[in-house]
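Fold and contact review
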Amino acid sequence: MASVASDKLVEQVIGLMKKPEHIRNICTCAHIDHGKTTFSDNLLLGAGMISAELAGKQLSLDFHEDEQQRGITIDAANVSMVHHYNNDPYLINLIDTPGHVDFGGDVTRAMRAIDGAIVLVCAVEGIMPQTETVLRQALRERVKPVLFINKVDRLIREVKLTPEKMQEKFVKIINDVNKIIMGIAPDEYKTAWQVSVEEGSVAFGSAFHNWALSLPYMKTTKLSFKDVIDAYEKGEEAYKELAKKAPLHAVVLDMSIRHHPNPKQAQVYRIPKIWRGDLDSEVGKSLMTCDPNGPVAFVCTKIVVEKFVGEVAAGRLFSGTVKQGQDVWLNLAKKPIRLQQVSIYKGAQRLQVDEAVAGNIVGLVGLKDTFAGETVSSVPIQPFEEIKHIFDPVITKSIEATKSADLPKLIEVLRQVGKEDPSIVIQINEETGENLMSGMGELHLEIIENRIKTEKGLAVKTSNPIVSYREAITKESQEMEGKSPNKHNKFYIKVSPLDPKIYDAIKAGEIPEGEVKKKDEGTIKKLLELGMENKEARSVVDFFKGNMLVDSTKGIVHIGEVIELVKESFHQVVIGGPLARETAVKMRVDLMDCKLHEDAIHRGPAQVLPAVRDAIKDAMRDAGAVLFEPLQILQMEAPMQFMGEITKLIQNKRGQLLEMSQEGEHITVKAKLPIAESFGLASDLRSCTEGRGVFYLINQVYEKLPGDLQLKVIKQIRERKGLSENQ
């Protein structure tokens, strides 16, 4: 019997997939432990995708054993369900995302595939640092938020609030969310995207007990908050009854269908933000209209490795139709490849289909060597914007196989890990045999290491964590000369600190990284807004890792032939600066002049690259190059009596106390700590607060390493990297 119902559902999913007006691509996002996975399970249950006994217990979106053991969601999983609204069926593609900050990269990638977000906030804790981070990530990708206030049962049962007090609490949460939207949303959406109880873009409920209410729903069913409070006073049977009268999935999915855009509506304003190609071209028009008959354009947002099929590239199809056996082009890998399977999702299961059309979240099999962030198309096109995470990976460990015979397997596994989680940066050095793995934080690396051991069955050992520093300059340099080895070419270079406004715009994704093309009016317009002169703005050649290269030469005949090489040298120095081969940041490099040999043969890469590299490095030394260290801004919370202990802990770790507030018997402390000193912070905080303190990451910044530590740290890094005096 079940299979007949299931077949019917499959037919329905396949039918709806072709009606973009009836599709919603959404995600859940929240602070850690605010109940997202239980919430998603209940949506699946309501849509008949998992059985009643398992909902909330099954955590069907936590497939990995380590997720179920640790009780946290690590991978964002895709699920699709069918929901009826006003008797019409809708296909809802939902991506469940992790709340833990170390897995924030997954959240950012999920945002690329969807158009609407359900932001979960715990009724008791209110807005938390991560809530703000996920909202920022959503708004940056032009994803429209609605709000679900979860764990209302705790306000009634544990905190025992009166209906008036509860209402105050809700109003505060809604105002806080709207304040964040007002602060970060693009101008045209600051007011349009505010969430409101009256309009029905806010719902309240308990994912644990599977009920929810929104104002429109309360009007149609005549249910009120008083009924909810009464139900909890009467006991379990009564609130189970409540879940039948106001089932969570019905209320929330109704809200999503009413307030989230369909793919056709969303792509009109999302495409100009996430794709830099020509909007008047054939591909541009097809992307803007979500045209199933246009060229294929698919963005991979996640790689999932399945036991029998290998890699499945999951992501959003923005344009065209993908078919099994079709030849497609990988735009970043620059190579053709054949699709073996096309699939869509029913619950968390992958269903193989012959073809899938624009506007859907799909899984593709056969894209060997692809990775999250790749643009797959039928003809070569301008790839989609790089999917940028708000924080950089700042902690690195070297990793080696316990048995040397396992080395080839380790390299294979590391490449796979880098694909599955692109916020992990893997560097494999086959010459020195050193393999480095960089991530967002201690937990991030610890979990990846665990997965390598348990899922990939490989015994590995890792070094102590190493911190990634940055090299930056403190003033403008003089013009420095770089000579080519054959002495026939000379380059004159000046470096200066990058205007903070420009750096912030790069960080915020308003100025895209990469080469600046002549017709790239968007970038030039942004530079003019930030105060650059027109001529100067049009001389900008490249943005790379938060640095800018400008061609300030005049009338050099062969400049067009060498500018690519100058750009390559600029990249090489940015990746490894003169002090300790760490990445350079916030730097503007000007090519002021050059004298080139007439004959092209004498100005090839072997001549130009070392000359430009030397000139940039000398200019950096002249500009007072120093090391910047990464710091984390953290929010710590603990009972009042541990205030002294926490202050002492922050001081011992070279930290700086930013602000402290008290609510009842509880304190919240904001502090800035150097990452180099923060290893073991979780256990230190637990031990000094008798296990009752917690902390969350709010932001990550780079600041100048104190003068007395500069030489010591540079020496340590150089020794670790085996660099000689003049390297």
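Residues numbered from 1 in each chain as written. Predicted model: local features only at pLDDT ≥ 70, side-chain atom pairs only at ≥ 80, totals over all residues. Heavy atoms only, no water.

It is worth spelling out the environment of Gly294 at this point. Tracing the backbone through its elements, the reader meets Gly294 in the loop between helix H13 (282–289) and strand E8 (297–306). As for Gly294 and Ala358, which are separated by 64 residues in sequence, their C-alpha atoms are 8.9 Å apart. Beyond its immediate stretch of four places on either side in the chain, Gly294 contacts Ser286, Ser319, Gly320 and Thr321. (Helix = DSSP H or I, 4+ residues; strand = E, 2+ residues; numbered from the N terminus. Contact = heavy atoms within 4.5 Å.)

Our next topic: a nonpolar patch on the surface. A surface patch of nonpolar side chains, about 220 Å² in accessible area, is lined by Met643, Leu657 and Met660. Residue placement: Leu657 occurs in strand E32 (residues 656–663). (Patch = residues over 30% accessible without salt bridge, like charges linked within 9 Å, V, L, I, M, F, W, Y side chains within 5 Å. Areas by Shrake-Rupley, 256 points an atom, 1.4 Å probe, with all protein chains shown as cover. Salt bridge = Lys/Arg side-chain N within 4 Å of Asp/Glu carboxyl O.)

Residues Ile646, Leu649 and Ile650 constitute the buried set of helix H21 (residues 643–652). End-on, the buried residues of H21 take up no more than an arc of 95°, which puts them together on one face. Exposed residues lying more than 90 degrees from the buried face of H21 are Gln651 and Asn652. Each element contacted by the buried residues of H21 is listed here: strand E31 (626–639), E32, strand E33 (666–674) and helix H22 (681–688). Positive phi shows up at Arg654, right after H21, with a value of about 55°. (Buried < 20%, exposed > 50% of the residue type's maximum accessible area, 1.4 Å probe, protein only. Arc of directions from axis to C-beta.)

Sheet topology note: the strand E11 (residues 327–330)/strand E12 (residues 335–338) ladder contains four bridges and is antiparallel. Bridge assignment links Asp327 to a residue of E12, and that residue is Arg338. Here E11 folds back onto E12 in antiparallel fashion, the turn holding four residues, of which Lys334 has a positive phi close to 55°. (Pairing = 2+ DSSP bridges.)

With 75 residues, the main nonpolar core has Phe39, Leu147, Phe148, Ile149, Val152 and Phe170 as its most contacted residues. At seven residues, the largest contribution of residues to this core is made by helix H7 (residues 163–184). If you look at the next biggest cluster of nonpolar residues, it comprises 63 residues, including Leu445, Ile493, Ala623 and Ile717. (Core = buried A, V, L, I, M, F, W, Y, C linked by side-chain atoms within 4.5 Å.)

A few words on unusual backbone geometry. Located in the positive-phi region is Arg142, a residue other than glycine, with phi close to 60°. One can find Arg142 in the loop between helix H5 (129–140) and strand E5 (144–150). Judged by relative accessible area, Arg142 falls into the buried class, the value being 16%. Even without being a glycine, Arg581 presents a positive backbone phi close to 55°. The topology assignment puts Arg581 in the loop between helix H19 (559–575) and strand E29 (583–584).

Attention shifts here to the packing of aromatic side chains. Summed over all chains, the structure comprises nine aromatic pairs. Considering the side-chain rings of Tyr85 and Tyr90, the 6.3 Å spacing of their centres and the 65° angle between planes classify their relative orientation as edge-to-face. Accessibility classification places Tyr85 together with Tyr90 in one group, the buried group. With centroids separated by 5.6 Å and ring planes inclined at 75°, the aromatic side chains of Phe204 and Phe225 adopt a geometry described as edge-to-face. Of this pair, Phe204 sits in strand E6 (residues 202–206) while Phe225 sits in helix H9 (residues 225–234); the two residues are 21 residues apart in sequence, bridging distant segments of the chain. Relative accessible area serves as the criterion here: at 5%, Phe204 is assigned to the buried category. Through a chain of ring-to-ring contacts, the aromatic side chains of Phe170, Phe204 and Phe225 assemble into a single cluster. (Phe/Tyr/Trp six-rings, centres within 6.5 Å; stacked < 30°, edge-to-face > 60°.)

Quick look at the pattern of salt bridges now. Scanning all chains against the criterion turns up 32 salt bridges. Here Glu400 ties to Lys461 by a salt bridge, and the two come within 3.7 Å at their closest N and O atoms. Pair noted here: Glu400 is in strand E18 (residues 395–401) and Lys461 is in strand E21 (residues 460–462), with a separation of 61 residues, a long-range link. Judged by its relative accessible area of 41%, Glu400 is partly exposed. Judged by relative accessible area, Lys461 falls into the partly exposed class, the value being 42%. Close ionic contact of Lys721 with Glu582 constitutes a salt bridge, the shortest N to O distance being 2.5 Å.

Before going further, it helps to examine the packing of H21 against H22. Relative to each other, H21 and H22 sit at 150°, their axes nearing to 10 Å. As the angle between them shows, H21 and H22 are arranged roughly antiparallel. Considering how the two elements wind past one another, H21 and H22 form a crossing that is right-handed. For the pair H21 and H22, contact is made by Glu645, Ile646 and Leu649 and by Leu681, Asp684, Leu685 and Cys688, respectively. Looking at the contact of H21 with H22 residue by residue, the class counts come to five nonpolar, no polar and two charged. (Axes fitted to C-alpha atoms, helices over the stretch in contact; angles between N-to-C directions. Parallel < 35°, antiparallel > 145°, perpendicular 65-115°, else oblique. Left-handed = near helix turned anticlockwise from the far one by under 90°. Nonpolar A, V, L, I, M, F, W, Y, C, P; charged D, E, K, R; others polar.)

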